[in-house]
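One letter stands for each residue in the lines below.
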Amino acid sequence: MANEEPVYSNCTNPASYQQYSWTLSDKLRKTAKSELREDEHLRSQGLAQMRDWIAKSPHIKRCRTDPLFLLRFLRTKKYSIPQACAMLEKYLTMRQTNSSWFERLDINDPEIEAIIDGGYIVPLPERDDHGRQIILTVAGNLDLTRVSSALLVRAHLLVQEVLADDEPSQICGYVQCVDERELSMKLMSMWSIVDIKKVTDCIQNAWPSRINGINLIGLPSTAATLVEFCVSLLSDKLRKRINLFRTVDDFAGKINRKVLPKEYGGTVPMADMIAQFKERCRQKRAQMLAMDEMYLEMSKLPGHCADSCRRDLEAGMIGSFRKLEVD
């Protein structure tokens, strides 16, 4: 993976770890400190402790250990080392046990590319006034004769993986905006209860992402029962971040319109935003494909990832961080 983050064999420590260098603005530095407790000392200690835990975990055979990857988990969990390690373990497990979702997330895959080209899921180039990355999903932009629930999950995962190493998003978070005005029974019927539960489990427990808002636009009455079921699976924290908007105008009135596509009251056509994102996907393509090299030996997986982290704390592997967390 030339010029990208390598996937190390982690039976032992890599010969040398990539060093982290802060290149962001002072404003983001203050946001990281106030919202995540992050400073240079906490960050360097967190990276070192996570790398040590990975190297000493017999079930983790190959894993990225570069700063941007590990900071996904540290920042999502606000530098709680046990929680960050637990989420990394769950993330690797989820990737491996649901390989049909995660493997070969490739913009050159014609089925995935068709979904992106159609405008079903579009990361907006400009951030909102709080510095958050906005991801717009439009149910009406799907050709339902060509998609399945698994393919839609793959499209979402492609988008999230491409964005995941972006530091401003790691610090400020994401806002999911879902235009459901044309959410049909056919689309809803693609999703089994098992898949819905699996996706919500992934979002909450395995995916390192700070979701700071979920905006649902034009939810049809026919979808109320399904949405209520999905919401019931979410944590109280995420439930409180859900906002319902009856119309696009209601939604657009609550956000800086300049960040939205022209079709939603902004100035930049959605097609231009899609083209910009696809170029970003191409630049990250080698890294995305190399993520498939990460490997967890399932037979050695501890019974519960959070418990394994706690055991490591008691054993002293990351115990030196306990005092730091409560200071």
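So, here's what we can say about the structure. Keep in mind the model is a prediction, meaning the values are calculated, not measured.

Parameters and conventions
- Residues numbered from 1 in each chain as written.
- Predicted model: local features only at pLDDT ≥ 70, side-chain atom pairs only at ≥ 80, totals over all residues.
- Heavy atoms only, no water.
- Buried < 20%, exposed > 50% of the residue type's maximum accessible area, 1.4 Å probe, protein only.
- Helix = DSSP H or I, 4+ residues; strand = E, 2+ residues; numbered from the N terminus.
- Pairing = 2+ DSSP bridges.
- Expected span 1.5 Å × (residues − 1).
- Arc of directions from axis to C-beta.
- Contact = heavy atoms within 4.5 Å.
- Phe/Tyr/Trp six-rings, centres within 6.5 Å; stacked < 30°, edge-to-face > 60°.
- Lys NZ or Arg CZ within 6 Å of the ring centre and 35° of its normal.
- Axes fitted to C-alpha atoms, helices over the stretch in contact; angles between N-to-C directions.
- Nonpolar A, V, L, I, M, F, W, Y, C, P; charged D, E, K, R; others polar.

## Here's the deal with the pairing of strand β6 (residues 211-217)
- When you tally the buried positions in β6, you get 7 out of 7 residues, the bulk of the element.
- Bridge analysis of strand β5 (residues 174-179) against β6 gives 6 bridges, and the strand direction is parallel. Considered in β6, the bridge of Tyr 174 is made with Ile 211.
- In this structure, β6 lies alongside strand β7 (residues 242-245), joined through 4 bridges in parallel fashion. When the bridges of β7 are listed, Ile 214 appears paired with Ile 242.

## Some points on helix α14 (residues 270-283)
- For α14, built from 14 residues, the straight-helix expectation of 20 Å at 1.5 Å per residue is met to within 8% by its first-to-last C-alpha distance of 20 Å.
- If you check which residues of α14 are buried, you get Met 270, Met 273, Ile 274, Phe 277, Lys 278 and Cys 281. In a view along the axis of α14, the buried residues occupy a sector of 135°, so they form one face of it.
- Among the structural elements, α6 (110-118), β3 (121-123), β4 (133-138), α7 (149-163) and α15 (285-290) are those in contact with the buried residues of α14.

## Examining the packing of aromatic side chains
- Tallying each qualifying case throughout the model produces 6 aromatic pairs.
- Put simply, the rings of Phe 69, Phe 73, Tyr 91, Phe 102 and Trp 207 pair up and form one aromatic cluster.
- Above the face of the Trp 101 ring, Lys 198 is positioned so that its terminal group lies 5.3 Å from the ring centre.

## Digging into the sheet that holds β6
- Within the open sheet, the 5 strands sit side by side as β3-β4-β5-β6-β7. Their pairing is mixed. With one partner strand each, in any of the chains shown, β3 and β7 form the two edges of the open sheet. Across the sheet, the mean angle from the axis of one strand to that of its neighbour is 15°, orientation sign disregarded.

## Here's the deal with the environment of Lys 33
- Along the chain, Lys 33 falls in helix α1 (residues 26-36).
- Given a relative accessible area of 43%, Lys 33 falls into the partly exposed group.
- Residues Lys 33 and Lys 78 lie 45 residues apart in sequence; the distance between their C-alpha atoms is 9.9 Å.
- Residue contacts for Lys 33: discarding those within four places in its chain leaves Glu 38 and Asp 39.

## A few points about the environment of Arg 257
- Locating Arg 257 in the fold gives a position in the loop between α13 (248-252) and α14.
- For Arg 257, a relative accessible area of 35% gives the class partly exposed.
- With 129 residues separating them in the primary sequence, Arg 257 and Asp 128 have C-alpha atoms 9.2 Å apart.
- In this structure, Arg 257 is in contact with Asp 249, Ala 252, Tyr 264, Gly 265 and Gly 266, ignoring residues within four places of it in sequence.

## A short note on the packing of helix α4 (residues 81-97) against helix α10 (residues 193-206)
- Axis separation between α4 and α10 bottoms out at 9 Å; the angle between their running directions is 145°. Where α4 approaches α10, its residues Met 87, Lys 90, Tyr 91 and Met 94 are matched on the opposing element by Lys 198, Asp 201, Cys 202, Gln 204, Asn 205 and Ala 206.
- Among the residues forming the contact of α4 with α10, the class breakdown is 5 nonpolar, 2 polar and 3 charged.

Keep in mind these numbers describe shape, not what the thing actually does.
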